Amino acid sequence: MLTAHFVTSALLGSLAYVAAAPALVELSARQSITALTTAQITAFRPFTHFASTAYCNPSTTINWSCGANCAANPDFIPTASGGDGSSVQFWYVGFSPSQASVIVGHQGTDTSSITADATDANAFLESLDSTLFPGISSSIEAHSGFANEQAKTANTILAAVKSTISAHKATKVTIVGHSLGAAIALLDGVFLPLHISGVSFQMIGYGMPRVGNQAFADYVDAHLAVTHINNKEDIVPIVPGRFLGYHHPSGEVHIMDNNQWVNCPGQDNTSDECSTGDVPNIFDGDTSDHDGPYDTVTMGC
């Protein structure tokens, strides 16, 4: 359930921003929003299924026998999977011939859990671990709880990705996830390129909370191809609040109430056609939008 801390933080953060938002910036952002074509929307569907598959037990993703989600990407070749779904989120790594990409999938969590995690008083911004993230400036900070989750599987996933690249002569890595899984995927998208060269990386997330500070968002924009897709009035993408120093990277795609998908340029675009503007506080949000549907896919195994 939603905590009182979450309600207060989300509301105060949204009110503080609305009071300071310049009208000209708002108008400019609105004018640059563009709709996705049907073909562009459909192209995301395999990755949406990959993100949903991460909710499936590792005993089924390791042999790709997880039912409808696995069947949606029938040529996928798994390399490794793990997690217990409790202390460690489920994850898997493998290769998709049809997408010509290594796929890394991270399990998400339910709305009440992710909002509690995102607003926990102990979940503060902290510099990234210099062992996992060598050479990253200490000014680049991430949510401590999300960073701790990513650290649990970082080296195991790194080894699996390296093995998959080698086995399939892959030149691209795509990291996917929904909710908490998207937050972990974004951190993996910063982590993996620091240890692997000669391939391109992209991250596709769904219902992603804010993960880091302004310096983090700027680093992501400069180094990683990101798409984070938000569904209608989902409240998770508006936490943690910007007044706490959190910022989304660029790359938002917002599914509006009429089911039209639009590109929202910039970080935390405040147009009411985009998530930050459409859901200024949790009272204007709807937790039932968090799991989708994203096109035709509702998250879960």
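Please refer to the structure placed before this passage.
What counts, and where the lines are drawn
Residues numbered from 1 in each chain as written. Predicted model: local features only at pLDDT ≥ 70, side-chain atom pairs only at ≥ 80, totals over all residues. Heavy atoms only, no water. Helix = DSSP H or I, 4+ residues; strand = E, 2+ residues; numbered from the N terminus. Contact = heavy atoms within 4.5 Å. Areas by Shrake-Rupley, 256 points an atom, 1.4 Å probe, with all protein chains shown as cover. Salt bridge = Lys/Arg side-chain N within 4 Å of Asp/Glu carboxyl O. Buried < 20%, exposed > 50% of the residue type's maximum accessible area, 1.4 Å probe, protein only. Pairing = 2+ DSSP bridges.

Participant: Which parts of the structure should I look at to understand the overall build of the chain?
Facilitator: Scanning the chain from N- to C-terminus turns up ten helices and eleven strands. At a minimum sequence separation of 6, the contacts of the chain that also span at least 24 residues come to 69%. Total accessible area on the chain is roughly 11,600 Å²; 54% of this is exposed by carbon and sulfur atoms.

Participant: Looking at this model, I keep getting lost on the pattern of salt bridges. Mind explaining?
Facilitator: Side-chain pairs of opposite charge can arise where the charged atoms are in close proximity. For the structure on display, the rule yields three salt bridges. One salt bridge in this structure joins Asp-295 and Arg-45, with 2.8 Å as the shortest N-O distance. With a gap of 250 residues between them, Asp-295 in the segment after helix 10 (275-278) and Arg-45 in helix 3 (residues 38-53) connect regions that are remote in the sequence. Looking at Asp-295, the relative accessible area reads 27%, which means it is partly exposed. Looking at Arg-45, the relative accessible area reads 29%, which means it is partly exposed.

Participant: Looking at this structure, I do not really get the sheet that holds strand 4 (residues 101-106). What am I missing?
Facilitator: Through backbone hydrogen bonds, the strands of a sheet pair up, either in parallel or in antiparallel fashion. Spatially, 1-11-10-9-8-7-4-3-2 is the arrangement adopted by the nine strands of the open sheet, whose pairing is mixed. Each end of this open sheet is capped by a strand with a single partner; those strands are strand 1 (34-35) and strand 2 (77-82). When strand 2 meets strand 3 (residues 91-96), the two strands line up antiparallel, connected through five bridges. For Ala-80, the partnering residue across the bridge sits in strand 3 and is Val-93.

Participant: Can you help me understand the environment of Ser-163 in this one?
Facilitator: Relative to the helices and strands, Ser-163 is located in helix 7 (residues 144-168). Here Ser-163 falls in the partly exposed class, since its relative accessible area comes to 40%. Along the chain, Ser-163 and Gly-94 lie 69 residues apart, while their C-alpha atoms are 9.4 Å from each other.

Participant: What's the story with the pairing of strand 10 (residues 252-255) in this structure? I'm lost.
Facilitator: Regular strands show a simple pattern: their side chains alternate between the two faces of the sheet. Of the two faces of strand 10, the one lined by Glu-252 and His-254 and the one lined by Val-253 and Ile-255 are each fully buried. Pairing of strand 10 with strand 11 (residues 261-264) involves four bridges; the strand directions are antiparallel. By the bridge assignment, His-254 is partnered in strand 11 with Val-262. Two successive antiparallel strands, strand 10 and strand 11, enclose a turn made up of five residues, where Asn-259 displays a positive phi of approximately 70°.

Participant: Quick question: what am I supposed to make of the pairing of strand 3 here?
Facilitator: Along strand 3, six of the six residues are buried, which leaves the element largely enclosed by surrounding structure. The sheet contact formed by strand 3 and strand 4 spans six bridges and is antiparallel. Each residue of the ladder has a partner; that of Ser-96, found in strand 4, is Ser-101. Counting the residues between successive antiparallel strands, the hairpin from strand 3 to strand 4 contains four residues, one of them, Ala-100, with a positive phi of roughly 50°.

Participant: For this particular structure, what's the right way to read unusual backbone geometry?
Facilitator: For residues besides glycine, phi is generally negative; the peptide bonds are generally trans as well. A cis geometry characterises the amide bond from Val-239 onward to Pro-240, with omega recorded as -15°. The residue Pro-240 is located in the loop between strand 9 (225-231) and strand 10 in this model. Unusually for a residue other than glycine, Ala-100 sits at a positive phi of about 50°. Looking at where Ala-100 falls in the secondary structure, it is placed in the loop between strand 3 and strand 4.

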